[in-house]
Structures are given as C-alpha cells and as structure tokens.
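# Analysis of the macromolecular model
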Amino acid sequence: MKRLLLIELQKIWKNKASRVLTLSYFILLTFIALIASVKFNLGAFKIHLAEMGIFNFPFIWHFNTYIASLLKFFLAIVIVSMMGNEYTYGTLKQNLIDGMSKKEFILSKFITVVLLAAASAVFVFVMSLILGYSFSSYTEWTIVFSDLQYLLGYFVKLVGFFSFCLFLGILVKRSAFAIGFLLVWAIVEGIAKGMLNFRIFPDGKTAENITQFFPLESMSNLIKEPFSRLSVIKNIGNQIGVNNIKDYNVHWYSIVIVLAWTVIFMLMSYKLLRKRDL
C-alpha cells in the first residue's frame, strides 16, 4: 500500500499543474485567517468579522470547514487531471505492463484521495486551533473540542467528492470534459431539486427526503451554511419576524449516504477499468 501511495504522489508532484494546484489549495486555506482583519464601514454600522464571533469555539469548526469545502474544486481538478494524464501519457498502460493489477491501480487512486482529504482536514484542524485561540472568547478545552463532528463531515465530504471526480476522470478520460461533466451534473441536480421542491412536492419534506440521496446534494448536506447561526443574523431575523429553525448538525445518516456513494463510485471506477481495452 505504501508503494502504491508513493507512486501516485510522485505522479502528482512531477506534474507542474497538479503541483501548483495542490499548493494553491493549501495556500488559499490559510487566507481564511485574513477574514479576521476584514472590516466594513456602512455609515453608522461598523462590522468587524472577527468580533462577530466567527472564530469563537466551537462555532469556528463549522465556519472553517464550510469555507474550506468551497475550495475543494482545486483538488478536484488535481484528481481529474491525475486520471486524465494516465491516459494522455500512457502511464496507466505502463503501470499494468510493469505488473500492477487494475485493482491495485484503483486502490492507489483511492488511497491518494483519502490522503488528500485527510491532509486537508488536519490542515483545517490546526489552522482552526490557531485562529480560535487567537480570537475566541471561550478557550476551555471542553468547549474547544466540542463540535468536531464538522471535521468528520468535512473529511467524508472530500472523500466522497474526490471519489466522484475520480470516477468521472476514468469515465471521460479527458480532464476538461470530466470537469464539464461535473458542472453539468451539478446543474441537472439543481434543476431536479428545484422541480421537486417547487413543482412536484411544494409542501412538506418529501422533496428533501428524496434529494438527500442525490450525490452532490448528499455531500452538501454534511456541512450546511453557518452564517445564519451568527447572533447578528439571528437578531436581524427576529426583528423582521423570521425564526431560524435550521438543523446544522452533521447526522450519521448523511455520512452513511456519502460513504455509500463513495463505495459506488469506486466500484464503478474499477468495473469501467476492468472492462476497458487499454
């Protein structure tokens, strides 16, 4: 397993585009810290984001994982390009000639996906601790390490999303087309969700119960937007008569759905590769 991982990491590092995108992703994650210095002057209203509590424990775990998950497309491009390059440069065929089985090849890709997701989760964890202890009003360890469910949700979300990207890379073979297919899939899911919510099942939770099983929607459900949890947003909502009853928790069934999709994507990737004439 270590040998397979080293082979994949070497491929990523020796490819200039993949190397730049990977480094850019982690550099952009550090820019979350710059939010602490952002100030808005709106006439009589002065807003300092750090003073709004976005870096307070335990809210910071929710906020940082949500923001970091928005940047996942950088690594998605790396995953898709990693697979596209296998076909373009013939490294897939060469690996098989050198004795690597197709099962080992898929396993090596999946290990890389898990490693990138784990590295990102650890990076966000360390960065959140630093920002939290720098700006949080609450630093008791029982508060600091509560709500780590968001880190688990973040890790599972990345693994699921990257597995989907890997499958598309194997299915389409070309990086640009795979990214295009991903965008088309997102649009199709959005249209289907809108139809279910506003036309077919406008009342009740039937539409939500159905769409939670969509691949991208299930990943999105793991970490919901955190902004409406801020006290300043809640106060504005209360003043205009809007009560916030959203459930922000990371639920076990949401994790199970994404893990199920991960298994499906990896099995489909293996079956495609096994049947395809290389």
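Everything below is about the structure shown above.
Below, the structure is looked at part by part. (Residues numbered from 1 in each chain as written. Predicted model: local features only at pLDDT ≥ 70, side-chain atom pairs only at ≥ 80, totals over all residues. Heavy atoms only, no water.)

Time to look at the overall build of the protein. Along its length, the protein carries 13 helices and two strands. The buried share among the 278 residues of the protein stands at 43%. Pairs at least 24 apart in sequence give 78% of the contacts found in the protein among residues at least 6 apart. When the accessible area of the protein is evaluated, it comes to approximately 15000 Å², of which 67% is carbon and sulfur surface. (Helix = DSSP H or I, 4+ residues; strand = E, 2+ residues; numbered from the N terminus. Buried < 20%, exposed > 50% of the residue type's maximum accessible area, 1.4 Å probe, protein only. Contact = heavy atoms within 4.5 Å. Areas by Shrake-Rupley, 256 points an atom, 1.4 Å probe, with all protein chains shown as cover.)

Taken together, the side chains of Trp13, Leu23, Ile27, Phe31 and Leu34 present a nonpolar region at the surface, about 530 Å² in accessible area. Position of tryptophan 13 among the secondary structure elements: in helix α1 (residues 2-14). (Patch = residues over 30% accessible without salt bridge, like charges linked within 9 Å, V, L, I, M, F, W, Y side chains within 5 Å. Salt bridge = Lys/Arg side-chain N within 4 Å of Asp/Glu carboxyl O.)

Ranked by size, the top nonpolar core spans 67 residues in total, and within it Tyr25, Ile79, Tyr154, Phe161, Phe162 and Phe164 carry the most contacts. Looking at this core element by element, the count peaks at 14 residues for helix α8 (residues 149-172). When sequence neighbours within four positions are dropped, the list of residues in contact with phenylalanine 162 reads Lys72, Leu75, Ala76, Ile79, Val113, Leu116 and Ala117. (Core = buried A, V, L, I, M, F, W, Y, C linked by side-chain atoms within 4.5 Å.)

Okay, helix α13 (residues 252-275) next. Across its 24 residues, α13 extends 35 Å between first and last C-alpha, which sits within 8% of the 34 Å expected from 1.5 Å per residue. Buried residues of α13: Ser254, Ile255, Ile257, Val258, Thr262, Phe265, Met266, Ser269 and Leu273, and no others. Check the buried side of α13 and you find it contacts α4 (72-88), α5 (91-97), α6 (102-135), α8 and α11 (215-220). (Expected span 1.5 Å × (residues − 1).)

Attention now goes to the packing of aromatic side chains. In this structure the tally under the stated criterion is 18 aromatic pairs. Arranged with centres 5.9 Å apart and planes meeting at 40 degrees, the rings of phenylalanine 57 and tryptophan 61 form a pair that is tilted. Exposure remark for tryptophan 61: the relative accessible area of 0% places this residue in the buried category. By the ring-pair criterion, three or more aromatic residues cluster together here, those being Phe55, Phe59, Phe63, Tyr66, Phe135 and Phe227. Over the aromatic face of tyrosine 248 sits the side chain of arginine 229, whose NZ or CZ is 5.6 Å from the ring centroid. (Phe/Tyr/Trp six-rings, centres within 6.5 Å; stacked < 30°, edge-to-face > 60°. Lys NZ or Arg CZ within 6 Å of the ring centre and 35° of its normal.)

This next bit is on the side chain of threonine 65. By secondary structure assignment, the location of threonine 65 is in helix α3 (residues 59-69). Dropping the residues within four chain positions of it, threonine 65 is found in contact with Val124, Tyr150, Leu151, Tyr154 and Ile223.

Let's shift gears to the packing of α1 against α6. Relative orientation of the contacting elements α1 and α6 amounts to 70 degrees, with a least axis distance of 9 Å. Regarding the angle of α1 to α6, the classification is roughly perpendicular. Crossing angle aside, the handedness with which α1 passes α6 is right-handed. Here Arg3, Leu4, Leu5, Glu8, Leu9, Lys11 and Ile12 of α1 lie close against α6, whose contacting residues are Glu104, Phe105, Leu107, Ser108, Lys109, Ile111, Thr112 and Leu115. Its residues assigned to classes, the contact of α1 with α6 shows eight nonpolar, two polar and five charged. (Axes fitted to C-alpha atoms, helices over the stretch in contact; angles between N-to-C directions. Parallel < 35°, antiparallel > 145°, perpendicular 65-115°, else oblique. Left-handed = near helix turned anticlockwise from the far one by under 90°. Nonpolar A, V, L, I, M, F, W, Y, C, P; charged D, E, K, R; others polar.)

This next bit is on the packing of α6 against α8. Two numbers describe how α6 lies on α8: the axes approach to 9 Å, and their chain directions differ by 145 degrees. Both α6 and α8 take part in a crossing whose hand is right-handed. Contacts from Ile106, Lys109, Phe110, Val113, Val114, Leu116, Ala117, Ala118, Ser120, Ala121, Val124 and Phe125 of α6 reach α8 at Leu151, Tyr154, Phe155, Leu158, Val159, Phe162, Ser163, Leu166 and Ile170. Classifying every residue of the contact of α6 with α8 by side-chain character gives 18 nonpolar, two polar and one charged.

A surface patch of like charges, here positive, comprises Lys103, Lys271, Arg274 and Lys275. Here the positive patch gets three residues from one element, more than from any other, and that element is α13. Secondary-structure assignment places lysine 103 in helix α6. (Lys, Arg positive; Asp, Glu negative; His and termini not counted. Charge placed at Lys NZ, Arg CZ, Asp CG, Glu CD.)

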